[in-house]
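Here is what each chain is made of, one letter per residue.
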Amino acid sequence: MKGTLLSAVTSGTAEARPSARTEDGDDVPRSGERLRLLAVHAHPDDESSKGAATMARYAREGVDVLVATLTGGERGDILNKAMERPDIRANLPAVRRAEMARAREILGVRQQFLGFVDSGLPEGDPLPPLPEGCFAVQPLETAARPLVRAVREFRPHVIITYDENGGYPHPDHVKCHEVTVEAFEAAADPDRYPDCGQPWQPAKLYYFATFHRARLTALHEEMVRRGLDSPYGERLSEWVDNPDHPPLQITTRVTCDDFFEIRDQALLAHATQIDPEGGWFACPREVQRVAWPTEDFHLARSVVDTEVPEEDLFAGVRDSVRWVSR
């Protein structure tokens, strides 16, 4: 994939710039000497289930990693029966923020909430209308504005988020995709969102390719080879690709098996959402390391020259940015 490296990416200047304040109170650094990765997610806990080991790896290599969480997960259910208590139920938004704080510390990343209200996952036939004022019903410019501001403040070289189907059809995930594409395309244009800071052009935009057939097949076959009960057999036997939504092409595989344990610890930090005896942990980590040691991505946009397949989200970027390991 070829592109033109824009001057905003190559400048690498270290002049003072306005600071972004994260949830833990730290200023986001403005040094041009560190690569920067922005992960955009719909709810707290999404960052730990999609791309978490990749973020942990890059953070420990010295990349500055920021998670932008668009909603507070206010309408999420309690998915871990052990946490189904009146005090938790009554204070779920605050509990989920505290869980997010623990998860980001485990992953070694920065994080900020962008202030929208969870839309919930509608159920029924026909589906009920979405709640008034929730994230998914916001006009695109309203929904994208805080993210454009975050992009211009943090100045990421790479952004990762969901594809146009949201990874799964939750209205907040679909909206998250829309606002991230809008922010990627608008952040460099001084005529768009002029009140949201100085323009910045991210170099690359990726979509998560987390739950795909090839990965599940490899995990299933390795578990069977070891004589273990696989949780994936029935799902694979019923798997039918949707011709209207073909599988994402995997362009980039990031080896991160050394960080699967950190990923799992971050997942467990979201105690209201993750059952430690549940399906997230049905496949042993040693099986995952052998069968599928990468996290996978689809390169959706690039303004730098790069060749796929890739093994690094910063392929084509590193040579254009003054890179200093932490």
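What counts, and where the lines are drawn
- Residues numbered from 1 in each chain as written.
- Predicted model: local features only at pLDDT ≥ 70, side-chain atom pairs only at ≥ 80, totals over all residues.
- Heavy atoms only, no water.
- Pairing = 2+ DSSP bridges.
- Helix = DSSP H or I, 4+ residues; strand = E, 2+ residues; numbered from the N terminus.
- Axes fitted to C-alpha atoms, helices over the stretch in contact; angles between N-to-C directions.
- Buried < 20%, exposed > 50% of the residue type's maximum accessible area, 1.4 Å probe, protein only.
- Contact = heavy atoms within 4.5 Å.
- Core = buried A, V, L, I, M, F, W, Y, C linked by side-chain atoms within 4.5 Å.
- Expected span 1.5 Å × (residues − 1).
- Bend = angle between axes of the 7 residues up to and from the residue.
- Salt bridge = Lys/Arg side-chain N within 4 Å of Asp/Glu carboxyl O.

A. A look at the sheet that holds strand β2 (residues 64-71). Judged by pairing direction, the sheet is mixed, and its seven strands sit side by side in the order β3-β2-β1-β4-β5-β7-β6 without closing on themselves. The open sheet is flanked by β3 (110-116) and β6 (252-255), the only strands paired with a single partner. In this sheet, adjacent strand axes meet at a mean angle of 30 degrees when their direction is disregarded. Across three bridges, the pairing between strand β1 (residues 36-41) and strand β4 (residues 158-161) is parallel. The partner of leucine 37 across the bridge, within β4, is valine 158.

B. Layout of the environment of tyrosine 207. Within the element layout of this structure, tyrosine 207 appears in strand β5 (residues 204-208). The buried category is assigned to tyrosine 207, whose relative accessible area is 6%. Taking the C-alpha atoms as reference, tyrosine 207 lies 8.9 Å from glutamate 164; in sequence the two are 43 residues apart. If we skip the residues at most four places from it in the chain, tyrosine 207 touches Thr161, Tyr162, Asp163, Glu164, His177, Val181, Leu248, Asp296, Phe297, His298, Ala300 and Arg301.

C. The arrangement of the side chain of threonine 294 in detail. Mapped onto the secondary structure, threonine 294 falls in strand β7 (residues 294-302). Judged by its relative accessible area of 13%, threonine 294 falls in the buried class. Look past the residues within four positions of threonine 294 in its chain and what remains in contact with it is Arg253, Val254, Thr255, Cys256 and Phe260.

D. Local environment of the nonpolar core. The biggest cluster of nonpolar side chains holds 67 residues, and the ones touching the most others in it are Leu37, Leu38, Leu147, Ile160, Leu313 and Phe314. Here leucine 38 is in contact with Leu66, Ala68, Leu147, Val151, Phe154, Pro156, Val158, Ile159 and Ile160, once residues within four sequence places are set aside. Residues Ala218, Met223, Tyr232 and Ala291 belong to the second largest nonpolar core, which totals 10 residues.

E. Geometry of helix α6 (residues 140-154). Taking 1.5 Å of rise per residue, 15 residues should cover 21 Å, and α6 covers 21 Å from first to last C-alpha, within 8% of that figure. At proline 146, α6 shows its strongest bend, of approximately 30 degrees. Along α6, the residues that are buried comprise Ala143, Ala144, Pro146, Leu147, Val148, Ala150, Val151, Arg152 and Phe154. Phi turns positive, to about 60 degrees, at arginine 155, one or two residues after α6.

F. Highlighting the pattern of salt bridges. For the coordinates displayed, the defined rule picks out 18 salt bridges. The shortest N-O distance in the salt bridge between arginine 253 and aspartate 296 comes to 3.7 Å. Taken as a pair, arginine 253 in strand β6 and aspartate 296 in strand β7 lie far apart in primary sequence, 43 residues in all. A residue is classified by how much of its surface remains accessible, and arginine 253, at 35% relative accessible area, is partly exposed. On the basis of relative accessible area, aspartate 296 is assigned to the buried category, the value being 3%. Close ionic contact of arginine 285 with aspartate 264 constitutes a salt bridge, the shortest N to O distance being 2.8 Å. Placement of arginine 285 in helix α11 (residues 285-291) and of aspartate 264 in helix α10 (residues 260-269) is noted, with a sequence separation of 21 residues between them. Connected through salt bridges with shared partners, the residues Asp77, Glu84 and Arg89 form a single ionic network.

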